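Each chain, letter by letter, is given below.
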Amino acid sequence: AVIWVSDMRGFTKFSDNLPAPAVLALLNAYFERVAGAVLDHGGEVLKFIGDGLLAVFPFKGDESPSTVVERGLSAAMQALSAVEGLNADPPPELMDALAIGPIRSGIALHGGDVFFGNMGTSDRFDFTVIGRAVNEASRVEALTKTLGRAIVLTSAVAKHVSRPLDDLGAHALRGLAEPMRLFSPSEADDP
């Protein structure tokens with residue numbers, strides 16, 4: 001699968017300065033756009049984790065890797081555009097939040113082997129995806145802010161992308177023995 005991990009940037013600033021109903025309105029508006037982009041491109045939203053999102057674009061049937069990767073990358077580009085639209089024309093309930101600053105997002109796309117399943121307890125199950133690739137995607141997402149890129153791709157994904165990418169070099173990731181080479185679409189620079 002292509003694994004998507006995203007996170008709202010600066011969420012602590014919003015949550016520290018807004019009442020709970022305003023924080024929930026902000027999160028719901030943000031997720032409407034970000035998760036909506038995932039769903040629009042055939043992805044599966046698995047979890048909302050605070051201000052983060054875990055989704056996947058599984059390989060289905062005879063789809064080529066480049067087709068699945070393109071769906072994930074197109075969803076990421078759409079999500080960024082939708083969030084920018086929210087910043088430019090916010091609904092009235094977000095005016096206080098956006099007075100604090102614009103909404104931004106970091107999105108990591110990584111490819112690898114995963115497995116799906118229910119996990120939890122006999123009283124509470126959660127359907128999710130697990131595997132080393134999920135952990136790696138999470139580590140890559142944490143670098144989006146440091147690298148100043150809204151979308152960061154690993155080489156496992158980038159090798160299937162036909163549009164121009166910027167090579168961001170190899171980066172050490174916590175828990176991995178070898179550095180991972182990262183890329184970004186040049187049109188996805190942080191504003």
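Residues numbered from 1 in each chain as written. Predicted model: local features only at pLDDT ≥ 70, side-chain atom pairs only at ≥ 80, totals over all residues. Heavy atoms only, no water.

**A closer look at the sheet that holds strand E8 (residues 165-171)**
For clarity, the threshold we go by: What makes two strands pair is DSSP finding at least two bridges between them. Numbered from the N terminus, helices here are DSSP runs of H or I no shorter than four residues, and strands are runs of E no shorter than two. With axes taken as lines fitted to C-alpha atoms, and helix axes fitted only over the stretch in contact, angles between N-to-C directions fall between 0 and 180 degrees. Whether two residues are in contact is decided by their heavy atoms, any of which lying within 4.5 Å being enough.
Strands sit in the order E2-E3-E1-E4-E7-E9-E8 across an open sheet of 7 strands; the sheet is mixed. Both edges of this open sheet fall to strand E2 (44-49) and E8, since each of them pairs with a single strand only. Mean inter-strand twist for the sheet, computed between neighbouring axes without regard to direction, equals 20°. Bridge count for strand E1 (residues 2-9) against strand E3 (residues 52-57) is 6 bridges, and the pairing is antiparallel. Paired with Trp4 across the strands is Ala55, a residue of E3. Lying over the sheet, helix H2 (residues 20-40) contacts E1, E2, E3 and strand E4 (104-111), oriented at roughly 160° with respect to E1.

**A word on H2**
Here is the rule we go by: What a helix is expected to span follows from its residue count: subtract one and scale by 1.5 Å. Any residue under 20% of the maximum accessible area for its type is buried, any over 50% is exposed, and the rest in between are partly exposed; the area is computed with a 1.4 Å probe on protein chains only.
The end-to-end C-alpha distance of H2, which contains 21 residues, comes to 29 Å, matching closely the 30 Å that a straight helix rising 1.5 Å per residue would cover. Of all the positions in H2, only Ala22, Val23, Leu26, Leu27, Ala29, Tyr30, Phe31, Val34, Ala35, Gly36, Ala37 and Val38 are classed as buried. Just downstream of H2 lies Gly42, where phi reads positive at about 80°.

**A word on the environment of Phe127**
Residue placement: Phe127 occurs in strand E6 (residues 125-130). Sequence separation between Phe127 and Lys47 is 80 residues; the distance between their C-alpha atoms is 8.7 Å. Not counting chain neighbours up to four residues away, the residues in contact with Phe127 comprise Leu46, Phe116, Gly117 and Asn118.

**Description of the side chain of Ser6**
Basically, it comes down to this: Within 3.5 Å is the distance limit for a polar contact, defined as a pair of N or O atoms, with the added protein rule that one can donate a hydrogen and the other accept it, and that residues adjacent in sequence qualify only through two side-chain atoms.
Tracing the backbone shows Ser6 in strand E1. We classify Ser6 as buried; its relative accessible area is 2%. There is a polar contact of 2.9 Å between the side chain of Ser6 and the side chain of Trp4. Ignoring any residue separated from it by four or fewer positions in sequence, one finds Ser6 in contact with Tyr30, Val34, Asp51, Gly52, Leu53, Ser105, Gly106, Ile107 and Glu141.

**Re the pattern of salt bridges**
The criterion, for reference: The salt bridge criterion pairs a side-chain nitrogen of Lys or Arg with a carboxyl oxygen of Asp or Glu, the two atoms within 4 Å.
Within this structure, the stated rule accounts for 7 salt bridges. For Arg71, the salt bridge identified is with Glu63, shortest N-O distance 3.1 Å. The exposure class of Arg71 is buried, given its relative accessible area of 16%.

**Some remarks on the environment of Ile100**
Relative to the elements of secondary structure, Ile100 occurs in helix H4 (residues 95-100). Taking the C-alpha atoms as reference, Ile100 lies 27 Å from Trp4; in sequence the two are 96 residues apart. With near-sequence residues (within four places) excluded, Ile100 lies in contact with Lys13, Phe14, Asn17 and Leu18.

**Notes on the packing of aromatic side chains**
Counted only if it meets this: Aromatic contacts are taken between Phe, Tyr and Trp rings whose centres are within 6.5 Å, Trp giving its six-membered ring; a plane angle under 30 degrees counts as stacked, one over 60 as edge-to-face, and the others as tilted. Throughout this description, the term charge over a ring refers to an Arg CZ or Lys NZ atom that lies within 6 Å of the ring centre and within 35 degrees of the ring normal.
Within the structure shown, the criterion is met by 3 aromatic pairs. With a centroid separation of 5.3 Å and 55° between ring planes, the pair formed by Tyr30 and Phe31 is classed as tilted. Neither residue differs from the other here; Tyr30 and Phe31 are each classed as buried. An aromatic cluster of three or more residues is present, and its members are Tyr30, Phe31 and Phe48. Between Lys13 and the ring centre of Phe14, over which it is positioned, the NZ or CZ distance is 5.8 Å.

**Digging into the pairing of E6**
Of the pairings in the sheet, the one linking strand E5 (residues 115-120) to E6 comprises 6 bridges and is antiparallel in character. Within the sheet, the bridge partner assigned to Asn118 lies in E6 and is Phe127. If you look at the hairpin formed by E5 and E6, you'll find 4 residues sitting between the two strands.

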